[in-house]
Amino acid sequence: MSRQSTLHGRESRSWTINRRYISCAETVNASIGDFDSKHVSRSCRGLLYKKAKRVTQRRRLQSDGLKHRGPDWSGLYQHGDFYLAHQRLAIIDPASGDQPLYNEDKKIVVTVNGEIYNHEALRERLTNHKFRTGSDCDVIAHLYEEYGENFVDMLDGMFSFVLLDTRDNSFIVARDAIGITSLYIGWGLDGSIWISSELKGLNDDCEHFEAFPPGHLYSSKSGGLKRWYNPTWYSEAIPSTPYDPLVLRQAFENAVIKRLMTDVPFGVLLSGGLDSSLVASITARHLAGTKAARQWGTQLHSFCVGLEGSPDLKYAKEVADYLGTVHHEFHFTVQDGIDAIEEVIYHVETYDVTTIRASTPMFLMSRKIKSLGVKMVISGEGSDEIFGGYLYFHKAPNKEEFHRETCHKIKALHQYDCLRANKATSAWGVEARVPFLDKDFINVAMAIDPEWKMINPQEGRLEKWILRKAFDDEERPYLPKHVLYRQKEQFSDGVGYSWIDGLKAHAEQHVTDKMMQNAQYIFPHNTPLTKEAYYYRMIFERFFPQNSARLTVPGGASVACSTAKAVEWDAEWANNLDPSGRAALGVHLSAYEKQVAASNAVKAPPKVIDNIPRMMEAAAPGLAITS
């Protein structure tokens, strides 16, 4: 019997815990490669050895399928019928931090994908433990040894991990609070359990698989999931803490500073919008004096991508000049993006329209960034969900609905912006860190009375007003005023409006009206409503034909990245369902016309099988690509 656990970890990512039956005349209930010659004939032992070797080779091949996420080192561990495989992207302690990682006697084994920002403080608490490496993830095995399964909430960072306790052959799996790192769980017909950072690690071996829920832990002892992340805001109760701009500012600065932990070259993604510009400004302000600055210099590198003449390129260059960064501007054409669509869908593993629109320039940019020798970037995802930054929030009827919508958006981030940021960068061996999704910062921001977040143009309060106000410092400005108060632009729009228009025109050439008429029968789950959505769906189904795969992508009506519930805020939106910010009629300065071309939409109402909140958006990260 062979339960295989391939764990694909830390800076890269794939696991499996797989149980197989190996027979030689009869079923041999023994760990592969560990046989008693008294009970197994010589010829049978040879067969079992060959079988064990083949299984090990297959595990290596499965792990190699995710080598793009971690090209620096491959690790494979076997214990009886468990296998843990790992592909490493070396960012902290590149010299000795190879995985799997162990406790002192190697009885506890861990493979991790992620970063533990408070690892030094945790090491100080573990005074009776000896660490083998300087890796930030080395603390996990020791924390488990000290505190059992209840240690996960002590971790401050982004992570997915599998931990095997060989003392009793139990294991746990956990994912970070918001789902910044990607993670999936699957089950085989033979009773096996599989864990992987991407669908590609599961779809050939599992009868059913699904996204591993953020903020949860799976324990083999209990055989089920439990939520370890239980912040106050999760209940969606309306908070009442008064707005204090200095408290909010300090919380975000702390979130950015802790993410400067790196032993490799890094930079910031800079779109010129509010979120990425604040990340860049704070990073530039605090870089001097850090270990990273001593190793790689005090001048910050920034990266931006866009079509020639796009809004992002213009504003990013202006911010980069203001901050004095070494700015790298990358250009791409609409055809460059269209040519990459299939690769993007394969790597990002979704058919969600806006995620694909925004993932494509980010995917192209990540390739350029990696070619410059940069392994880690800091990005601006998460702000729009926390502060109601999407333009449709202008129509929120009251603070209660405003707050509930932000809660729904944060809970669904792992299916949209986090998925995009993680997979589009990991496709080229680059890690994206997102300070807006810091646990402590979220707690501060989500405790503020949502009345302060409400948009009121008459009082000069545009979207994310409280964040803008917090960094409006007259004595030591973080950003120029006009950048600080620039209207929100979704990333897929900001790289150039002709990008989305070009995608729609391309889909029009490949999807006929007759195909759209039968869409509800071909794709009964999350039926595509536009030719663009149909085009992406065809590609996705070719790579991932399993029903489990299509169920990992949520659906529903959306305008400018709203949830389906928020579409009800404005009657006109029901006839203009597009995830672009320009669909926010009467709000966006370059809004679409009210009607949508009939040839590009489905007349029949959508048939949505799931009830997951719609969150189609690529919050402005900040970047740039050169063609």
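Remember, it's a predicted structure, so these values are computed and weren't measured experimentally.

1. Looking at the overall build of the protein
For step 1, the next point in the chain: A count of helical and extended segments in the protein gives 21 helices and 20 strands.
For step 2, the next point in the chain: The buried share of the protein, reckoned over its 627 residues, is 63%.
For step 3, the next point in the chain: Long-range pairs, those at least 24 residues apart, make up 72% of the contacts in the protein between residues at least 6 apart in sequence.
For step 4, the next point in the chain: As displayed, the protein has an accessible area near 23,100 Å², and 50% of this comes from carbon and sulfur atoms.

2. Some words on the pattern of salt bridges
For step 1, the next point in the chain: Applying the stated criterion to the full structure yields 37 salt bridges.
For step 2, the next point in the chain: With its nearest N and O atoms 3.2 Å apart, the salt bridge here joins Asp473 to Arg249. One end of the pair, Asp473, is in the loop between α14 (465-470) and α15 (481-484); the other, Arg249, is in helix α4 (residues 245-258), with 224 residues separating them in the sequence. Summarising the burial analysis for this pair, Asp473 and Arg249 share the class buried.
For step 3, the next point in the chain: Residue Asp438 is joined to Lys258 by a salt bridge in which the shortest nitrogen-to-oxygen separation is 2.9 Å. Remark: Lys258 occurs in helix α4 and Asp438 occurs in the loop between β20 (431-433) and α13 (439-446); sequence separation between them is 180 residues.
For step 4, the next point in the chain: Where salt bridges share partners, they join Arg69, Glu198, Lys200, Glu349 and Lys423 into one cluster.

3. So, the confidence of the model for the protein
For step 1, the next point in the chain: On average, residues of the protein score 84 in pLDDT, and 81% of them are at 70 or above.
For step 2, the next point in the chain: Across residues 1-52 the pLDDT falls below 50, and counting only partners more than four positions away or on other chains, this stretch makes 194 contacts in the model.
For step 3, the next point in the chain: Every residue in residues 594-627 scores below 50 in pLDDT, and together they form 157 contacts with partners more than four places removed in sequence or on other chains.

4. Some details on the sheet that holds strand β8 (residues 108-116)
For step 1, the next point in the chain: Taken in spatial order, the six strands of this open sheet run β7-β8-β9-β10-β14-β15, and their pairing is antiparallel. This sheet does not close on itself; its edge strands, each paired only once, are β7 (101-102) and β15 (224-227).
For step 2, the next point in the chain: Relative to β8, β7 is paired through two bridges, and the arrangement is antiparallel. Each bridged residue has a counterpart across the sheet, and for Tyr102 the counterpart in β8 is Val109.
For step 3, the next point in the chain: Docked against the sheet, helix α3 (residues 139-147) engages β7, β8, β9 (157-165) and β10 (170-175), running at close to 120 degrees with respect to β8.

5. Brief notes about the packing of aromatic side chains
Describing an aromatic ring pair means giving the distance of the ring centres and the angle of the ring planes.
For step 1, the next point in the chain: This model, assessed by the stated rule, comprises 33 aromatic pairs.
For step 2, the next point in the chain: Between the aromatic rings of Phe252 and Phe471, the centroid separation amounts to 6.2 Å while the plane-to-plane angle is 85 degrees, which identifies the pairing as edge-to-face. Note that Phe252 is positioned in helix α4 and Phe471 in the loop between α14 and α15, a separation of 219 residues in sequence.
For step 3, the next point in the chain: Considering the side-chain rings of Phe436 and Phe441, the 5.9 Å spacing of their centres and the 65 degrees angle between planes classify their relative orientation as edge-to-face. As far as burial versus exposure is concerned, Phe436 and Phe441 are alike and both buried.
For step 4, the next point in the chain: These aromatic residues form a ring-pair network of at least three members: Phe151, Phe159, Phe161, Trp228, Tyr229, Trp233 and Tyr234.
For step 5, the next point in the chain: The ring of Tyr346 is capped by Lys200, whose NZ or CZ atom sits 4.5 Å from the centre of that ring.

6. Some words on the side chain of Glu541
For step 1, the next point in the chain: Residue placement: Glu541 occurs in helix α20 (residues 531-543).
For step 2, the next point in the chain: Within the structure, Glu541 has its side chain in polar contact with the side chain of Arg537 (distance 2.9 Å).
For step 3, the next point in the chain: Beyond its immediate chain neighbours, meaning those up to four positions away, Glu541 contacts Phe523 and Arg550.

7. Observations regarding the nonpolar core
For step 1, the next point in the chain: If you look at the biggest cluster of nonpolar residues, it comprises 86 residues, and the most contacted ones within it are Phe151, Phe161, Ile178, Phe252 and Phe441.
For step 2, the next point in the chain: The contact partners of Ile178, leaving out residues within four places of it in the chain, are Pro214, Tyr229, Trp233, Ile410, Leu413, His414, Cys418, Leu437 and Ile442.
For step 3, the next point in the chain: Counting residues in each nonpolar core, the second largest holds 51 residues, with Trp194, Phe209, Ala533 and Ile539 among its members.

What counts, and at which threshold
Residues numbered from 1 in each chain as written. Predicted model: local features only at pLDDT ≥ 70, side-chain atom pairs only at ≥ 80, totals over all residues. Heavy atoms only, no water. Helix = DSSP H or I, 4+ residues; strand = E, 2+ residues; numbered from the N terminus. Buried < 20%, exposed > 50% of the residue type's maximum accessible area, 1.4 Å probe, protein only. Contact = heavy atoms within 4.5 Å. Areas by Shrake-Rupley, 256 points an atom, 1.4 Å probe, with all protein chains shown as cover. Salt bridge = Lys/Arg side-chain N within 4 Å of Asp/Glu carboxyl O. pLDDT = per-residue confidence, 0-100. Pairing = 2+ DSSP bridges. Axes fitted to C-alpha atoms, helices over the stretch in contact; angles between N-to-C directions. Phe/Tyr/Trp six-rings, centres within 6.5 Å; stacked < 30°, edge-to-face > 60°. Lys NZ or Arg CZ within 6 Å of the ring centre and 35° of its normal. Polar contact = N/O pair within 3.5 Å; in protein donor to acceptor, adjacent residues only side chain to side chain. Core = buried A, V, L, I, M, F, W, Y, C linked by side-chain atoms within 4.5 Å.

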